[in-house]
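Listed here are the chains, written in short residue letters.
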Amino acid sequence: MTEAMPGVRGQGAAGHIETDVLVIGAGGAGLYAAIEAARSGARALVIDRSLIGRGGATVMAQMTVAAAIGTEQPDDWRDHWRDTLAAGRGLCDARLARLLCEDGVEVIREMDRWKVGWARHADGRIRQAFAPGHDRPRCVYVDFLSTGPAVSRTLRTQAQRQEGVQRMGEMLVTDLVVSDGAVQGVVALDLAHGVPVTIAAGATIIATGGLTRLYRRNSASANMAGDGYALALRAGAALIDMEFVQFFPIGHLAPRMVGMDPIMWDPFRYKLGGRLLNGVREEFVDRYGSTDSGKYVTTRDLATYAITKEVAAGRGSPAGGAWLSFEHVPEAVLRENFGPVIDRLAANGIDLTKTAIEVAPIAHYHMGGIRVDTSMSTGLPGLYAAGEAVGGANGANRLSGNAITEALAFGRVAGREAARFAKGGIAWDAAKAADGVALARAAGPARPGWNPAAGFARLQDIMSDLVGPFRTEAGLAEAASRLSALAAELGEVPPGPPLPHDLARADWFDLRAALLVAETVILSATERRESRGAHQREDYPGLDPAWETNQVLTLDGGALRLAQRAVVKEAA
Amino acid sequence: MSVALLDIRRGGPGEAPRRQRYEVPFEPGRSVLDGLRWIREHEDPSLAMRYACLNANACKECMMLLDGAVIYACTARLEEREMRLDPLPNKPLLRDLATSIAPPDERPPEPARPAPAP
Ligand SMILES: Cc1cc2nc3c(=O)[nH]c(=O)nc-3n(C[C@H](O)[C@H](O)[C@H](O)COP(=O)(O)OP(=O)(O)OC[C@H]3O[C@@H](n4cnc5c(N)ncnc54)[C@H](O)[C@@H]3O)c2cc1C
Ligand code: FES
């Protein structure tokens, strides 16, 4: 292990940094991993393409975190585990799901000791709310709709306090450095200065979150382009369950609001019910096999299906979704439940007692991701993953509240295991980083008329129109062919030269990653000829028991390879 | 078509500042950030500004000056008039509207050699 804190030293024109454990991504998973790695005796460096603790999904989460802490009612992680496996429709890796539920209890308690501020009863017990799919009230939260910001702030403060953790924003990781199959560190683009930096690490953890930016309408941030999946795949690691993108059925659609999270209507529905209506103001969810009269019991996949079908049948709301109405709820009740949020709505010109709003499905979370074992190892020596970047724990469908628990619990394991591995020392073969450095600094010819931001928007359109929650063989094939045309336009090098805060350059690297990740989603979705959870095939409706299997992807000589693997089941 | 006229300060540190004006389509409810992203997608991808969360006002990255006052670009609304945008004056300038806003111990180290001049 190195004695000094990670430091910069000259190496040609590219800066070079060394650390025991490198964590890519400073969301819930990455920050927890860095803290745990340092507590285990390693020097940890956590980097993010954006600001520390602000760039990803964690800071945006508003609602709840599931863990069987049993303060509301007696509870046991085994019950949470059973619910998680049931929601995953047969595809969960039972060992990873168990880790989420069992370690989840400890991380939620530790967050409480770190003063995250979980909402409490007057007698001091932590409150736990009920959420669909859980057999009892199990979800902790921070009022009002502040869970994510509180989790991020708490972890960032803890990382500041923890000796041995260094934090660094504005570092976009563009490539992993691999030597003889082992991961030695990364090449990053220092976005502030527009220069490449290399980082050698005893162990590297990918905690870059999910891929929802691949879709035009998504709930997450501009940094969720699936970078971690592409990095892992290109380095030789495997991905699992890539066809399972979770759509959130009632994302805000219209009127245009500012300063609000698009999934904000979920807590409204939990607390107040609300009525989901089609374009001619009829309730419609019951036509699709569920009930929805005022209560919020419809699962995410069914509601998404029902709304999409109504719109397709010409019965959508004016902006192409469904109406969500709270017009029958008295103003006093709205205020009591959502206090300041009602004022923010008023500032957007929305009075819920007088108008319904429009909602539609929106890409929200990714169940699939990097394949790991219970030590969060990818199987490549020196490469770990954690958080939403990992696939397998949630199978075909994620239970509400499980994602933050997953980020924290998996982050903790990854930090500990990476620190252990890093005791083996730092190896660095600069020659293996040369291509990545050259690409990060490449000044390709200017390409007037080609716009990488517009290119990314095109990818989002293709994915939304053809690879959304409902898929067909023909649509998927069409998407694949349009994306390969886009890939051909991307070219081999980014147009240059690199500039400080060069969004166009970042777009080029994002597009490179997103094109590869989109291909993995399309390939897996095409192969899975059945409908299950978040993956619905119009041409193969209904669940086929023969398909109770995971799909695993690797990159082999530049081509994707898909294989079926038996689901890891573990006796309870 | 109704438009908003964005008058934006362009350039990096040490460069002579210049101003560039863009017409962006105006629709009620749109944010200034929507306008800036429209410019990048349709007119000029080289424009630099900071943002992450797009709309939720959670990341707090998108601070800049609108007509001299500090705003979040994702919550300030586009208007059918000329709007003057400048980078934060009290933070080191990166380029255009982007400034270095992270605490000093969370920034990348200064490169050993200056970046090649564009
Ligand atoms: C609006 C919203 C609401 C949600 N609500 C809930 C909820 O109530 N309960 C729940 O359990 N879950 C919720 N989720 C899901 C949950 O927030 C996420 O799954 C979880 O926070 C993921 O944490 P993470 O640490 O894995 O990733 P993130 O928090 O997304 O962090 C990933 C980080 O990696 C960085 N990064 C990405 N690529 C690179 C790169 N190439 N180089 C450097 N850095 C990179 C990003 O900038 C980002 O900061 C919600 C998600 C959203 C979007
Ligand atoms: S873009 Fe995140 S606060 Fe404005």
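Residues numbered from 1 in each chain as written. Chains lettered and ligands numbered in written order. Predicted model: local features only at pLDDT ≥ 70, side-chain atom pairs only at ≥ 80, totals over all residues. Heavy atoms only, no water.

A. How the structure looks around the overall build of chain B. From N to C terminus, chain B includes one helix and seven strands. Its helices and strands taken in sequence order, chain B reads β-β-α-β-β-β-β-β from the N to the C terminus. In summary, chain B has a C-alpha radius of gyration of 15 Å against a globular reference of 13 Å for 118 residues, a match within 12%. The principal-axis extent of the C-alpha atoms belonging to chain B is close to 50 × 30 × 25 Å. Counting only residues that meet the buried cut, chain B has 55% of its 118 residues in that class. The contacts of chain B with a sequence gap of at least 6 include a subset with a gap of at least 24, amounting to 47%. (Helix = DSSP H or I, 4+ residues; strand = E, 2+ residues; numbered from the N terminus. Rg over C-alpha atoms; globule rule 2.2 N^0.38 Å. Buried < 20%, exposed > 50% of the residue type's maximum accessible area, 1.4 Å probe, protein only. Contact = heavy atoms within 4.5 Å.)

B. Looking closely at the side chain of Asn55 of chain B. In this structure, Asn55 of chain B sits in the loop between α1 (32–42) and β3 (63–66). Relative accessible area serves as the criterion here: at 16%, Asn55 of chain B is assigned to the buried category. Polar side-chain contacts of Asn55 of chain B include one of 3.0 Å to the backbone oxygen of Met260 of chain A. Not counting the four nearest positions on each side in its chain, Asn55 of chain B is found in contact with Arg256, Met257, Val258, Gly259 and Met260 of chain A. (Polar contact = N/O pair within 3.5 Å; in protein donor to acceptor, adjacent residues only side chain to side chain.)

C. Local environment of helix α1 (residues 28–39) of chain A. Residues and elements named next belong to chain A. With 12 residues, α1 extends 17 Å from end C-alpha to end C-alpha; this agrees with the ideal 16 Å at 1.5 Å per step. Taking burial as the measure, the 12 residues of α1 include 11 buried ones, the bulk of the element. Taken as a whole, α1 has its buried residues at Gly28, Ala29, Gly30, Leu31, Tyr32, Ala33, Ala34, Ile35, Glu36, Ala37 and Ala38. (Expected span 1.5 Å × (residues − 1).)

D. Region of interest: the pairing of strand β1 (residues 3–10) of chain B. Residue and element names in this part refer to chain B. With seven of eight residues buried, β1 lies mostly within the body of the structure. Sheet analysis places β1 next to strand β5 (residues 82–86), joined by four bridges and oriented parallel. Bridged to Leu5 within β5 is Glu82. (Pairing = 2+ DSSP bridges.)

E. The sheet that holds strand β11 (residues 245–254) of chain A, seen in detail. Residue and element names in this part refer to chain A. Read from one edge of the open sheet, four strands run β11-β14-β13-β12, paired in antiparallel fashion. Looking along the sheet, the strands with just one partner apiece sit at the ends: β11 and β12 (275–277). Going from strand to strand, the sheet's axes swing by 45° on average, the running direction of each strand aside. Relative to the sheet, helix α6 (residues 265–272) contacts β11, β12, β13 (322–325) and β14 (357–366), its axis offset from that of β11 by approximately 90°. Across the face of the sheet, helix α7 (residues 300–312) comes into contact with β11, β12, β13 and β14 while running at roughly 50° to β11. (Axes fitted to C-alpha atoms, helices over the stretch in contact; angles between N-to-C directions.)

F. Expanded view of the packing of aromatic side chains. Residues and elements named next belong to chain A. With the rule as written, the count across this model stands at 11 aromatic pairs over all chains. Each ring, one from Trp77 and one from Trp81, has its centre 5.7 Å from the other, and the planes form 45°; the classification is tilted. Here Trp77 pairs with Trp81, and both are found in helix α2 (residues 77–87), just four residues apart, close to one helical turn. Looking at Trp77, the relative accessible area reads 12%, which means it is buried. Geometrically, the ring pair formed by Tyr305 and Phe470 is edge-to-face, given 5.1 Å between the ring centres and 65° between the ring planes. With Tyr305 in helix α7 and Phe470 in strand β17 (residues 470–471), the pair connects residues that are 165 residues apart, well separated along the chain. Ring pairs connect the aromatic residues Trp265, Phe268, Phe326 and Phe338, which therefore count as one cluster. One Lys or Arg, Arg213, reaches over the ring of Phe456 and ends 3.7 Å from the middle of that ring. Sitting over the ring of Tyr365, Arg398 keeps its end group 4.1 Å from the ring centre. (Phe/Tyr/Trp six-rings, centres within 6.5 Å; stacked < 30°, edge-to-face > 60°. Lys NZ or Arg CZ within 6 Å of the ring centre and 35° of its normal.)

G. Molecular detail of the interface of chain A and chain B. Contact with chain A, which involves 47 residues of that partner, is made by 44 residues of chain B. Between chain A and chain B lies a buried interface of about 3700 Å² when both sides are counted; carbon and sulfur atoms form 56% of it. Contact with chain B buries area across many residues of chain A, yet His193, Arg256 and His501 of chain A alone supply 16% of it, more than any other trio. Taken together, chain A and chain B are joined by six salt bridges. (Buried area = accessible area lost by both parts, 1.4 Å probe. Salt bridge = Lys/Arg side-chain N within 4 Å of Asp/Glu carboxyl O.)

H. Representation of the sheet that holds β1 of chain B within the structure. All names here are of chain B. Ordered in space as β2-β1-β5-β3-β4, the five strands form an open sheet in which the pairing is mixed. Both edges of this open sheet fall to β2 (18–25) and β4 (69–72), since each of them pairs with a single strand only. For this sheet, the mean inter-axis angle between neighbouring strands, taken without regard to orientation, is 35°. Looking at chain direction, β3 and β4 are connected through four bridges and run antiparallel. Looking across to β4, one finds that Met63 is bridged to Tyr72.

I. Expanded view of the pattern of salt bridges. In total, this model carries 67 salt bridges over all chains according to the counting rule given. In this structure, the salt-bridge partner of Arg537 of chain A is Glu473 of chain A, at a minimum N-O distance of 3.5 Å. Residue Arg537 of chain A is located in strand β18 (residues 536–537), and its partner Glu473 of chain A is located in helix α12 (residues 473–490); the two are separated by 64 residues in the primary sequence. We classify Arg537 of chain A as buried; its relative accessible area is 2%. Owing to a relative accessible area of 33%, Glu473 of chain A belongs among the partly exposed residues under this scheme. Where Arg81 of chain B meets Glu79 of chain B, a salt bridge forms, and the shortest distance between an N and an O atom there is 2.7 Å.

J. Quick look at the nonpolar core. Residue and element names in this part refer to chain A. Trp118, Ile206, Phe410, Leu459 and Met463 are the most contacted members of the largest nonpolar core, which has 136 residues in total. Ranked by residue count, the leading element in this core is helix α13 (residues 503–527), at 13 residues. Two domains each provide a minimum of three residues to this core, namely domain 1 (4–244 + 365–432) and domain 3 (444–544). Judged by nonpolar contacts, the second largest core, of 31 residues, contains Met257, Leu272, Phe326 and Phe338. (Core = buried A, V, L, I, M, F, W, Y, C linked by side-chain atoms within 4.5 Å. Domains from an automatic or database assignment.)

K. Region of the structure containing the site of ligand 1. Residues and elements named next belong to chain A. Residues in close proximity to ligand 1 total 40 residues, the closest being Asp48, Thr58, Thr64, Asp227 and Glu388. Taking Thr64, its main chain carries an N or O atom lying 2.7 Å from a nitrogen atom of ligand 1. At 3.5 Å from an oxygen atom of ligand 1 is found a side-chain nitrogen or oxygen belonging to Asn223. Contact with the protein chains covers 99% of the free accessible surface of ligand 1, which is 1000 Å². Elements supplying a minimum of two residues to the shell around ligand 1: α1, β7 (171–179), β14 and α9 (402–422). A per-element tally of the shell around ligand 1 places α9 first, with four residues. Residue composition of the shell around ligand 1, grouped by class: 18 nonpolar, 16 polar and six charged. (Near = heavy atom within 4 Å. Areas by Shrake-Rupley, 256 points an atom, 1.4 Å probe, with all protein chains shown as cover. Nonpolar A, V, L, I, M, F, W, Y, C, P; charged D, E, K, R; others polar.)

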